[in-house]
Amino acid sequence: MGRMGIRYWMIQRALPIYTIRLPGTRLYVVNTPSLISAVQRHVQTLSFSPFLARAASNLIAASKPGVEILSQDEENGFIPRFHHFNHVSLSPGRDLDAVKKRTWKIMASLSARESANSPRRVRMYEWISHEVMMTTTEAFYGSQNPFRKPAIRTAWSKYYSGMTYLLTGVMSSITARQSIRGREALVQAFEQYYSEGSLEDTETSPYIKDQYECFSQGGLKDPDIARTESAFSIALLSNIMPATFWTLYHIFSDPVILQDCRKEVSAALHRGESENYSLDLSSVEVSCPILVSTYTEALRHHSTGISVRQVLDDQLIDDYILKKGAIVMIPSGMQHFNPSIWGETVNEFDHLRFLGAKGRIRSFGGGLTLCPGRHFATSTILGFAASIILNFDMQPWSGQWVIPTVENSSVELVRHGGLASPGKSAKSKSPWKTLMILILYVTYVTIKL
Ligand code: HEM
C-alpha cells in the first residue's frame, strides 16, 4: 500500500468512503469533509495510539520498558501528556518565540554567507533542504547541534528513507538495513548530546530542554530519550524541507509569481538610518498575504500525507459502520484536488487562491493529531522564502524550468509523511537535479530580528 502511486488514490477520489480488503484486515479510505470530521470526533474508538505503540518498537526501537511508556494512552499516560506538551510549547508563546528568534538570526546570516560576487551553481533541492535542515536544527539544538556533523546528516537521511519499511516491522533488518544503521548513529549522537551537558547550554532552545523534562518525567531513561528524540527529528525536518523547496520552486519558476511576491516583500522593508533596508521577519505572515497564499497553494499541490486511525470498537459514522480492527485512512491529496471544494481551477497553481480563502487544506492533518509544529514551520518557510526572494535570483542551468515529477513517489503511510519530495522520478533525467544559478539580487538587505 505504501508504494501505491498517487494515481491510484486520484482514481478513487469520487467515492465518499470505500473499503480495501486485505488478508486479515480491511482499510476504510475516507474522502468527504463531513465524514472526515466525524472520524476526527470519535477519538476514543478511532484512535491513533495503536500506531504510536507500533512506532515505539518498530521505528524507535525503544527498550521493553520504553515501549510500555511510549504506548500509554490512558488519561495522564505518556501519549496524551506528550501531545499536550507539544501543543502548548509549539503554540504562540515563550518557547516558540525563542526558537523563531534564533531561526531568524541564523537565516539573517544566510545571504551574507552565500553572497559570493559571482553566480553560484547548486542543486536546488539539496541546497534548500540543507539550509533549512541547518537553520532548524541550530535553532532547536543550539551550539552542540548534532547535525553540524555531515555524518549525522547522512545518518538522518538514511533513517528517514527507510521509515516505511521500519514501520511495517516485517523483516526490517533486511529491508531497512541502511535505515537502522542511520538510526543507531543518530541515537548515539543524541546520547552524546545529553551526556555532554548540551541541555544546559544557553543556545539550546527552551523547547528541547522542556521536552527532555517531559520525557524523563514520563519515566524514559536517556537511551530511550535519545531514540525518541531521533524520531522527533524526523517530524521536525521531513516536511519542512520539501515544503520550502516547493514554495520557492513555484515562486522562481513563474515570473508573475516572482514579481508579485518580490513587490510585496520589498514593500514590507523598513529603511534604516544609514540607508540600509531591513525586513522584520516576524511581520511577514501579516504583511505578505500573496507570499502566504503562494506557500499555502504549494502545500495544497504537494501534500501526500495520510492520517490513519485504528478502529478500536465498531463505530457508526453517518450511515457507515466501521468494523473493529480495521484501519481508517484520510489521504490529504484527495481533499486538495476535490473540484467541489476548489472549483474548476482545482488543478492549476493559483498563487492568489488563498487571498480570499475558501477551502481549508489538510497538509498539517486534523483533529486531535493536528501538527503542533505548523506555526514554526510556517514562519520558517515564509522567512526563508522572503530572504531568498529579496537577496537572490535563481535560474535553471538548462534555461528552462521543468516541474519535478512525483509520479513515482510513494504515499507515505506514516503519521508524519506530509509532503512529497522531488527526485523519486523513474525517468533517467531527474529534472530536480537541474543545476541552478544563484545570482545576488540587487536589493541587498539585512534582516531585522
Ligand atoms: C511543512 C511542514 C510540516 C508539515 C506539512 C507537517 C505535517 C504533519 C502531519 C500531517 C501530522 C500528522 C497529523 C495527523 O495525523 O492528523 C503531523 C504531526 C506532527 N508534527 Fe508536523 N508537519 C510539519 C512540520 C513540523 C515541525 C517543524 C514540527 C516540530 C517543530 C512538527 C511536529 C509534529 C509532531 C510532534 C506531530 C505529532 C503530533 C501529535 O500527535 O501529538 N511538524 N505533522
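Since this is a predicted model, take the numbers as computed values, not measurements.

Criteria and cut-off values
Residues numbered from 1 in each chain as written. Predicted model: local features only at pLDDT ≥ 70, side-chain atom pairs only at ≥ 80, totals over all residues. Heavy atoms only, no water. Helix = DSSP H or I, 4+ residues; strand = E, 2+ residues; numbered from the N terminus. Buried < 20%, exposed > 50% of the residue type's maximum accessible area, 1.4 Å probe, protein only. Contact = heavy atoms within 4.5 Å. Salt bridge = Lys/Arg side-chain N within 4 Å of Asp/Glu carboxyl O. Polar contact = N/O pair within 3.5 Å; in protein donor to acceptor, adjacent residues only side chain to side chain. Core = buried A, V, L, I, M, F, W, Y, C linked by side-chain atoms within 4.5 Å. pLDDT = per-residue confidence, 0-100. Axes fitted to C-alpha atoms, helices over the stretch in contact; angles between N-to-C directions. Parallel < 35°, antiparallel > 145°, perpendicular 65-115°, else oblique. Left-handed = near helix turned anticlockwise from the far one by under 90°. Patch = residues over 30% accessible without salt bridge, like charges linked within 9 Å, V, L, I, M, F, W, Y side chains within 5 Å. Areas by Shrake-Rupley, 256 points an atom, 1.4 Å probe, with all protein chains shown as cover. Pairing = 2+ DSSP bridges.

**Student:** Any chance you could explain the overall build of the chain here in plain terms?
**Tutor:** Looking only at helices and strands, the chain has 20 helices and 13 strands in total. Relative to its 449 residues, the chain shows a buried fraction of 54%. Sequence separation of at least 24 residues holds for 73% of the intrachain contacts in the chain that already meet a minimum separation of 6.

**Student:** What is the right way to look at the pattern of salt bridges in this model?
**Tutor:** Summed over the entire model, instances satisfying the criterion amount to 11 salt bridges. The shortest N-O distance in the salt bridge between Asp-210 and Arg-94 comes to 3.0 Å. Taken together, the positions of Asp-210 in helix 12 (residues 206-217) and Arg-94 in helix 6 (residues 94-114) put the pair 116 residues apart, joining distant regions of the chain. Overall, Arg-94 belongs to the exposed group, its relative accessible area being 57%. When the shortest N-O distance is used, the salt bridge between Arg-227 and Glu-184 registers 2.6 Å.

**Student:** Whenever I open this one, the environment of Ser-253 confuses me. Can you help?
**Tutor:** Within the element layout of this structure, Ser-253 appears in helix 14 (residues 240-253). Taking the C-alpha atoms as reference points, Ser-253 and Pro-396, 143 residues apart in sequence, are found 8.7 Å from one another. From its side chain, Ser-253 meets the backbone oxygen of Tyr-249 in a polar contact 2.7 Å long.

**Student:** Looking at this structure, how should I read the nonpolar core?
**Tutor:** In globular proteins that are soluble, nonpolar side chains generally tend to be buried together. Counting residues in hydrophobic clusters, the biggest one holds 94 residues, and the most contacted among them are Phe-140, Tyr-141, Trp-156, Leu-279, Leu-291 and Ile-388. For this core, the leading source of residues is helix 20 (residues 374-391), giving 10 residues. When near neighbours in sequence (up to four residues on either side) are disregarded, Phe-140 contacts Leu-90, Val-99, Thr-204, Ser-205, Tyr-207, Ile-208, Leu-236 and Phe-376. The next biggest cluster of nonpolar side chains, apart from the first, holds 14 residues, and it includes Tyr-28, Ile-317, Leu-322 and Ala-326.

**Student:** I would appreciate a short explanation of the environment of Arg-300 in the present structure.
**Tutor:** Its place among the elements puts Arg-300 in helix 17 (residues 289-302). Exposure remark for Arg-300: the relative accessible area of 0% places this residue in the buried category. Between the C-alpha atom of Arg-300 and that of Met-171, which follows or precedes it by 129 residues, the distance is 35 Å. If we ignore the near neighbours within four places in the chain, the residues touching Arg-300 are His-336, Phe-337, Trp-342, Thr-345, Val-346, Glu-348, Arg-353, Phe-354, Ile-361 and Ser-363. A distance of 3.3 Å separates a polar atom in the side chain of Arg-300 from a polar atom in the side chain of His-301. Among the polar contacts made by the side chain of Arg-300, one reaches the main-chain carbonyl oxygen of Glu-348 at a distance of 3.2 Å.

**Student:** Would you mind going over the confidence of the model for the chain with me for this structure?
**Tutor:** Parts of the model with low pLDDT should not have their predicted coordinates read in detail. When pLDDT is averaged along the chain, the result is 86, and 85% of the positions lie at 70 or above. In this model, residues 424-435 is a region of pLDDT below 50 whose contacts with residues beyond four sequence positions or in other chains number 28 contacts. Counting interchain partners and residues more than four positions distant, the pLDDT-below-50 stretch residues 439-445 has 24 contacts. Confidence estimates for the predicted assembly give a pTM of 0.90 and an ipTM of 0.98.

**Student:** I keep staring at the packing of helix 11 (residues 177-195) against helix 13 (residues 222-237) and nothing clicks. Help me out?
**Tutor:** Each pair of packed helices can be described by the angle between their axes along with the distance between the axes. Viewed as axis vectors pointing N to C, helix 11 and helix 13 meet at an angle of 120°, and their least axial separation amounts to 8 Å. As judged from the angle between their axes, helix 11 and helix 13 are oblique. By crossing handedness, the relation of helix 11 to helix 13 is classed as right-handed. Of the residues in helix 13, those touching helix 11 at Arg-183, Glu-184, Leu-186, Val-187, Phe-190, Glu-191 and Tyr-194 are Asp-222, Pro-223, Ile-225, Ala-226, Arg-227, Glu-229, Ser-230 and Ser-233.

**Student:** Got a minute to help me understand a nonpolar patch on the surface in this structure?
**Tutor:** A surface patch of nonpolar side chains, amounting to about 330 Å² of accessible area, comprises Val-170, Met-171 and Ile-174. A relative accessible area of 61% places Ile-174 in the exposed class.

**Student:** How should I be thinking about the sheet that holds strand 2 (residues 25-30) in this particular structure?
**Tutor:** Within a beta sheet, neighbouring strands are joined by backbone hydrogen bonds and run either parallel or antiparallel to one another. Taken together, five strands build an open sheet; the order of strands is 1-2-10-7-3 and the sheet is mixed. Of all strands in the sheet, those with a lone pairing partner are strand 1 (17-22) and strand 3 (46-47), marking the two edges. Sheet topology places strand 3 next to strand 7 (residues 306-311); two bridges connect them, and they run antiparallel. Paired with Ser-47 across the strands is Gln-310, a residue of strand 7. Relative to the sheet, helix 3 (residues 49-58) contacts strand 3, strand 7 and strand 10 (327-331), its axis offset from that of strand 7 by approximately 100°.

**Student:** Sorry, what's going on with the side chain of Gln-310 here?
**Tutor:** Inspection of the secondary structure assignment puts Gln-310 in strand 7. Ignoring anything within four residues of it in the chain, the contact list for Gln-310 reads Thr-45, Leu-46, Ser-47, Pro-50, Phe-51, Arg-54, Gly-325, Ala-326 and Ile-327.

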